[in-house]
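Descriptive analysis of the structure
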Amino acid sequence: MTPYMLDPIDMSPWAGREDPEPDSPRWHQVVEPLTVDSPVGVALLGFACDAGVARNQGRIGAATGPRAIRKALANLAWHRRAPAHDAGDVVCHGHGGDDGMETAQRRLAECLAALLAAGHLPIVLGGGHEVAFGSWSGLARHLEAVGDEAPSIGIVNLDAHFDLRDPSRLCSSGTPFAQIAGECEAHGWPFRYACLGVSRAANTRALFKRAADLEVLVREDHEITATSLEAIGDELDAFIAGCDHLYLTIDLDVLPASEAPGVSAPAAHGVPLALLERLVERVRDSGKLRLADVAELNPSFDIDGRSARAAARLIHHLTLT
């Protein structure tokens, strides 16, 4: 077993309709289990963990998110030119008083570093937003291994929450970007963070101040409208121009609850999917994207698969290359 192949890879979610017309493939007909000989492409890696959500006193259930996303993605039409692979799941196993979160994050980082070294574009299927610390750590580990001593990693987070809570007492799904900021400071690396879709009602004054102190690019949910989208996109482009590498992380609670009811913390306002897709395009087309993840899908609270379908649509849109 290689560092990124997690046996067994369960391919059962990849099922769906098959059309009689020629040239009509769907994802389930194209995705293959990852092997050491797999050609370079998108690598889907599950993070079956919601220990961070539990620590953050949220609605648990996101550990079952990866399978639900695969099932929603399976039946979508295939328009990619490059291949896609299923790399299996990193599963969080708790034992005794240890919920296993940190072990799962380290394992995720190891797998991602190996996938990146092999030339793949990893997309992590969460799982709680504690996935972000593991994802960023995997990219940082890879860049260190290839000799990038002070990488400028731009984090683009589409999220209703900053997730900048103080990690000194307890790390959780609410602390990953504060943890990353601490790691950047310890290594002498720049901390470049854009958080788009923030809800003022869901973030305290202290968190807004911490974001300001860290010079985070912030746009609130109510600011992202059809009329303002071009200007905000230009701001995002300027942010991207100052980065060497991009890590995109999408917390599904950035969507309105009507579009994504099955999340750990549903949004009363949110940013519609149609607008988010335009921001995702800016990241996708930048040429700097190295890694992405989708977090906080909670199938236990989903309605008619809306949230899983939104997650699948975002992944489909992100990979239209």
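Our structure's up above, just so we're on the same page.
Scope of this entry: the structure provided in the associated data block. Being a predicted model, the structure only gives us computed values, none of them experimental. (Residues numbered from 1 in each chain as written. Predicted model: local features only at pLDDT ≥ 70, side-chain atom pairs only at ≥ 80, totals over all residues. Heavy atoms only, no water.)

With that out of the way, let us pick up the packing of aromatic side chains. Enumeration over the complete set of coordinates arrives at five aromatic pairs. Geometrically, the ring pair formed by Phe191 and Tyr193 is tilted, given 5.7 Å between the ring centres and 50 degrees between the ring planes. Phe191 sits in the buried class, given a relative accessible area of 16%. What makes Tyr193 buried here is its relative accessible area of 1%. Here the aromatic cluster, defined as three or more aromatic residues joined through ring pairs, consists of Phe177, Phe191 and Tyr193. Geometry around Phe301 places Arg59 over its ring, the cationic atom sitting 3.8 Å from the centre. Over the aromatic face of Phe208 sits the side chain of Arg200, whose NZ or CZ is 4.1 Å from the ring centroid. (Phe/Tyr/Trp six-rings, centres within 6.5 Å; stacked < 30°, edge-to-face > 60°. Buried < 20%, exposed > 50% of the residue type's maximum accessible area, 1.4 Å probe, protein only. Lys NZ or Arg CZ within 6 Å of the ring centre and 35° of its normal.)

What follows is about the packing of helix H3 (residues 65-74) against helix H10 (residues 306-318). Between H3 and H10, the least distance of the axes is 8 Å, while the angle of their chain directions is 65 degrees. One element, H3, and the other, H10, form an angle in the roughly perpendicular class. For the crossing formed where H3 meets H10, the hand is right-handed. Residues Ala68, Ile69, Ala72 and Leu73 of H3 pack against Ala308, Arg309, Ala311, Ala312, Ile315 and His316 of H10. Counted by class, the contact of H3 with H10 contains eight nonpolar, one polar and one charged residues. (Axes fitted to C-alpha atoms, helices over the stretch in contact; angles between N-to-C directions. Helix = DSSP H or I, 4+ residues; strand = E, 2+ residues; numbered from the N terminus. Parallel < 35°, antiparallel > 145°, perpendicular 65-115°, else oblique. Left-handed = near helix turned anticlockwise from the far one by under 90°. Contact = heavy atoms within 4.5 Å. Nonpolar A, V, L, I, M, F, W, Y, C, P; charged D, E, K, R; others polar.)

It is worth spelling out unusual backbone geometry at this point. With an omega of 15 degrees, the peptide bond running from Gly126 to Gly127 counts as cis. Despite not being glycine, Asp163 shows a phi value in the positive range, around 55 degrees. Relative to the elements of secondary structure, Asp163 occurs in the loop between strand S5 (153-158) and helix H6 (176-187). Despite not being glycine, Asp304 has its phi angle at roughly 55 degrees, a positive value. Within the fold, Asp304 resides in the loop between strand S9 (289-295) and H10.

Moving on, we get to the sheet that holds strand S2 (residues 42-48). In a beta sheet, neighbouring strands are held together by backbone hydrogen bonds and run either parallel or antiparallel to one another. Reading across from one edge, S1-S3-S2-S4-S9-S8-S5-S6-S7 is the order of the nine strands in this open sheet, with parallel pairing throughout. Sheet topology places strand S1 (32-33) and strand S7 (217-220) at the edges, where each strand pairs with a single neighbour. Pairing geometry for S2 and strand S3 (residues 84-91), over six bridges, is parallel. Its bridge partner lying in S3, Leu44 is registered against Asp86. (Pairing = 2+ DSSP bridges.)

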